[in-house]
Amino acid sequence: MKIYDQINESISFIKKNDYLKPEIGIVLGSGLGEFANTVSKKNIFNYSDIPHFKKVSIKGHAGKLVFGKIQNKTIVILQGRYHFYEGHDIKDIVFPIRVLCGMGIEKIILTNAAGGINPKFKPGDLMVIHDHINLMGINPLKGENDERMGPRFPDMSNVYDKELIEIILGIGNSLGLKLKTGVYAALMGPSYETPSEIKMLSILGADVVGMSTVPEAIVARHMGVKVAGISCITNLAAGISKSPLNHKEVTETANRVKNNFIALLEKVIPEF
Ligand code: HPA
């Protein structure tokens, strides 16, 4: 079965249930899932119940699709994402994003936990992504292109929408959050980087490093949806940090700044 038809099966399943037609999609990264609890008029689906969605295996990723309202806006949240290092096919990683885009969202906010490379960044900072570098060794658009979803060679010169970036920065400023901006480099993982790899990424122009988001951004642009990205700097990257990296530090830092993160999203969404 073509992916396009699978997407439509997933959408039909969701539509058979009670749901709100979403305007904005949100993907919640490691430790940032709690934002979904702040949404009103919730309607929740487990990924495991939706046709063609794979199982989620990472701690801190719930695996729920949450429809709801933030003030005037109807949103749909992917609470938990798939990572390429889990072993799924790259097409399965981005499948939920395609479903949201197929449901007619106009904008998507991708969030993640990331390691800080830029020496000005500290754990706990939030960074608005203004561009990315795809070093995952794969592209989610590889293989046959289905023109019903998007073009064979989509432009990537403006992946992260400039207007949306300005809105986020303005609101961050009004909340006193001192938001950073920068370039997100995506590697496959799951091992963290070596100090030499981090040095390389720094020379390449990356400000933060992570293992997600980029395939999702590419697919959303493929389907003509506007993208915004926010990284939570959960740790200093390898070699910049004096101590070994671990996932616990990542989730603990995300947890520490989640209130800032939630406050930012709650104010940003009505303005999108
Ligand atoms: N490297 C890669 N991915 C990450 C990191 C990191 O340091 N921190 C959180 N996600």
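First, a word on scope: everything that follows refers to the structure included in this document.

Rules used in this analysis
- Residues numbered from 1 in each chain as written.
- Predicted model: local features only at pLDDT ≥ 70, side-chain atom pairs only at ≥ 80, totals over all residues.
- Heavy atoms only, no water.
- Near = heavy atom within 4 Å.
- Polar contact = N/O pair within 3.5 Å; in protein donor to acceptor, adjacent residues only side chain to side chain.
- Areas by Shrake-Rupley, 256 points an atom, 1.4 Å probe, with all protein chains shown as cover.
- Nonpolar A, V, L, I, M, F, W, Y, C, P; charged D, E, K, R; others polar.
- Core = buried A, V, L, I, M, F, W, Y, C linked by side-chain atoms within 4.5 Å.
- Buried < 20%, exposed > 50% of the residue type's maximum accessible area, 1.4 Å probe, protein only.
- Helix = DSSP H or I, 4+ residues; strand = E, 2+ residues; numbered from the N terminus.
- Pairing = 2+ DSSP bridges.
- Expected span 1.5 Å × (residues − 1).
- Arc of directions from axis to C-beta.
- Contact = heavy atoms within 4.5 Å.
- Axes fitted to C-alpha atoms, helices over the stretch in contact; angles between N-to-C directions.
- Parallel < 35°, antiparallel > 145°, perpendicular 65-115°, else oblique.
- Left-handed = near helix turned anticlockwise from the far one by under 90°.

As for the site of the ligand
Item 1. Neighbouring the ligand are the residues Ala113, Ala114, Gly115, Tyr192, Glu193, Val209, Gly210, Met211, Thr234, Asn235, Leu245 and Val250.
Item 2. One nitrogen or oxygen atom from the main chain of Ala113 is found 3.4 Å from a nitrogen atom belonging to the ligand.
Item 3. Between the ligand and Glu193 there is a distance of 2.8 Å, counted from a nitrogen atom to a side-chain nitrogen or oxygen.
Item 4. Coverage of the ligand by the protein chains reaches 95% of its 260 Å² of free accessible surface.
Item 5. Each residue belonging to the shell around the ligand can be placed in one class, and the counts come to 7 nonpolar, 4 polar and 1 charged.

Remarks on the nonpolar core
Within soluble globular proteins, side chains that are nonpolar tend to cluster in buried spots.
Item 1. By size, the foremost hydrophobic cluster in this structure holds 79 residues, and its most contacted members are Ile26, Phe35, Leu65 and Ile108.
Item 2. For this core, the element with the highest residue contribution is helix α8 (residues 258-271), accounting for 6 residues.
Item 3. Residues Ala185, Ile198, Leu201 and Ala238 belong to the second largest nonpolar core, which totals 10 residues.

Section: the pairing of strand β4 (residues 73-79)
Item 1. In terms of burial, β4 is largely enclosed, as 7 of its 7 residues are buried.
Item 2. Alternating residues of β4 divide into Lys73, Ile75, Ile77 and Gln79 and Thr74, Val76 and Leu78, and every residue in both groups is buried.
Item 3. Sheet topology note: the strand β1 (residues 24-28)/β4 ladder contains 5 bridges and is parallel. Bridging across to β4, Leu28 finds its partner in Gln79.
Item 4. Taken together, the 7 bridges between strand β3 (residues 64-70) and β4 define a ladder with antiparallel strand orientation. The residue bridging Leu65 from the neighbouring strand is Leu78, located in β4.

Observations concerning helix α4 (residues 162-174)
Item 1. The end-to-end C-alpha distance of α4 is 18 Å, a good match for the 18 Å that 13 residues give at a rise of 1.5 Å each.
Item 2. Buried within α4 we find Leu164, Ile165, Ile168, Ile171 and Gly172. Along α4, the residues classed as buried sweep out an arc of 135 degrees about the axis, all on the same side. Facing away from the buried side of α4 by over 90 degrees, the exposed positions are Lys162, Glu163, Glu166, Asn173 and Ser174.
Item 3. On its buried face, α4 sits against β5 (107-116), β6 (126-135), β9 (226-236) and α8.
Item 4. At the N-terminal end of α4, a side-chain oxygen is found 3.2 Å from the backbone nitrogen of Glu163, two or three residues along, and the residue is Asp161.
Item 5. Looking one or two residues past α4, Gly176 carries a phi angle of roughly 70 degrees, positive in sign.

Considering the packing of α4 against α8
Two quantities define a packed helix pair, namely the angle between the axes and the distance from one axis to the other.
Item 1. Where α4 meets α8, the closest approach of the two axes is 10 Å, and the angle between their N-to-C directions is 135 degrees. In this view, α4 runs oblique relative to α8, as classed from their interaxial angle. Here α4 and α8 pass one another in a crossing that is right-handed. For the pair α4 and α8, the contacting residues are Ile167, Ile168, Ile171 and Gly172 in the first and Leu264, Lys267, Val268 and Glu271 in the second.
Item 2. Grouping the constituent residues of the contact of α4 with α8 by class yields 5 nonpolar, 1 polar and 2 charged.

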